[in-house]
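# Descriptive structure summary
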Amino acid sequence: MDLTERKLKILQAVIADFVRTAEPVGSRTISKNYELGSPATIRNEMSDLEEMGYLTHPHTSSGRVPSEKAYRLYVNEMMKKRELTAEQKKAISDRLYANVSELDTLIERAAHVLSEITNLTAFALSPGKEQDKLKYVNLLPVDDHTVVIMLVSDSGRASNAAVRLKKPASEETLRVLAKNMTYNYSGKTLSEALKLDIIKTFRADAEAMAMFENSIAPSFIRTLEDMLNVNLYMDGMTNIFSLPEYNDIEKARSFFQMIDRKKEITQKIKGRDDGVMITIGGENQDEDLADCSVISATYHVDGKLVGKLGVIGPTRMKYDEVTSVVEYLTENITKAFRLTEGDDDGR
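Here goes a summary of the coordinates provided.

Criteria and cut-off values
- Residues numbered from 1 in each chain as written.
- Predicted model: local features only at pLDDT ≥ 70, side-chain atom pairs only at ≥ 80, totals over all residues.
- Heavy atoms only, no water.
- Pairing = 2+ DSSP bridges.
- Helix = DSSP H or I, 4+ residues; strand = E, 2+ residues; numbered from the N terminus.
- Axes fitted to C-alpha atoms, helices over the stretch in contact; angles between N-to-C directions.
- Expected span 1.5 Å × (residues − 1).
- Contact = heavy atoms within 4.5 Å.
- Buried < 20%, exposed > 50% of the residue type's maximum accessible area, 1.4 Å probe, protein only.

Within the open sheet, the three strands sit side by side as 4-5-6. Their pairing is antiparallel. Two strands in the sheet have a free side with no partner beyond their single neighbour: strand 4 (134-143) and strand 6 (158-164). The average undirected angle you get between the axes of adjacent strands in this sheet is 20°. As paired strands, strand 4 and strand 5 (residues 146-153) are joined by eight bridges and run antiparallel to one another. Counterpart to Tyr-136 in the pairing with strand 5 is Val-152.

Turning our eyes to something else, we now look at helix 1 (residues 5-21). An α-helical turn contains 3.6 residues, so a residue and the one three or four places further along point in the same direction. Over its 17 residues, helix 1 runs 24 Å from end to end, which matches the ideal 24 Å to within 8%, given 1.5 Å per residue. Residues of helix 1 that are buried in the fold lie against helix 2 (27-33), helix 3 (39-51), strand 1 (55-56), strand 2 (65-66) and helix 4 (68-78). Positive phi shows up at Ala-22, right after helix 1, with a value of about 65°.

The side chains of a regular strand alternate between the sheet's two faces. Counting buried positions over the eight residues of strand 5 gives six, a clear majority of the element. Where strand 4 folds back onto strand 5 in an antiparallel hairpin, the turn is made up of two residues. Sheet topology places strand 5 next to strand 6; seven bridges connect them, and they run antiparallel. Opposite Ile-149, over in strand 6, you have Ala-161 as the bridge partner.

Bringing the environment of Thr-315 into the picture now. For Thr-315, the position within the fold is in the loop between strand 10 (305-314) and helix 12 (319-346). The spacing of Thr-315 and Val-19 is 296 residues in sequence and 9.1 Å in space, taken between C-alpha atoms. Sequence-distant contacts of Thr-315, defined by excluding residues within four places in its chain, comprise Tyr-71, Ile-280, Gly-281, Asp-291, Cys-292 and Ser-293.

Written as structure tokens, this is what we have:
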């Protein structure tokens, strides 16, 4: 049985109505809202589409709903890129470009904006940091026995840790330490920095060497390791309560339990293909995501650091609109971060 042009139009109409209303769609509704023939004719075509696996027939309703196969056909062959409105673009730009000073802040904000616009659960995975390079190290005295060690990478990522000193350090000693560490670590990747032994470079200053070895080095290494960890930001988890698919408390609870397993979710997102990727229901090859669709896209910073941004929601999703928002956000993350680099250069 072939998918004629008429069947395709009817299928597209069923998808559009079901996504909008969350209610099974009957032949009379299609006949009334679309110029596709009489209810009887449409009913026959819908019966064929059901036989072909594109529609399913809920037991409690005479109407039909799209199957995962139908959504896949829609995404692959029917979906047209949906241009965002000027208002949506302005809302995205205003949120991303305002007062951004660190990459992680920008990425976390992108997840929040995405969840607000789509009314779905959004995620943002910070880029892999193995190739991120250290830019400088600073040591900021807080009091006689406390120093904050601050590391800044060339991508703008900053991390710091408070260090408790065994004995007070002079400002000159801290200055020598920071200068020496910056000289030796600048330009090294975070992974390379972890393997580098620079204690021998302090031989000319015994006090600085002792301070580094006994107090600074352990916290420095822990801070580097923290910078290497991939961060997963999630936003809009409670949005599911506005979706009829999650009126069932058990289904909602399962969803929350699934997204609460951050480590597992992080690995699943990291394993997704680059570019825009849409997986529907069983395509996720994961029991926890069997009733969900996931849309993700990759973003690049400085041409090399790659992360992922996207949404998790029911298979009944506005795929065209959500995909456009995800793509627009990922395109603008790089632009927004370039502005912050420009601001830094200007100071």
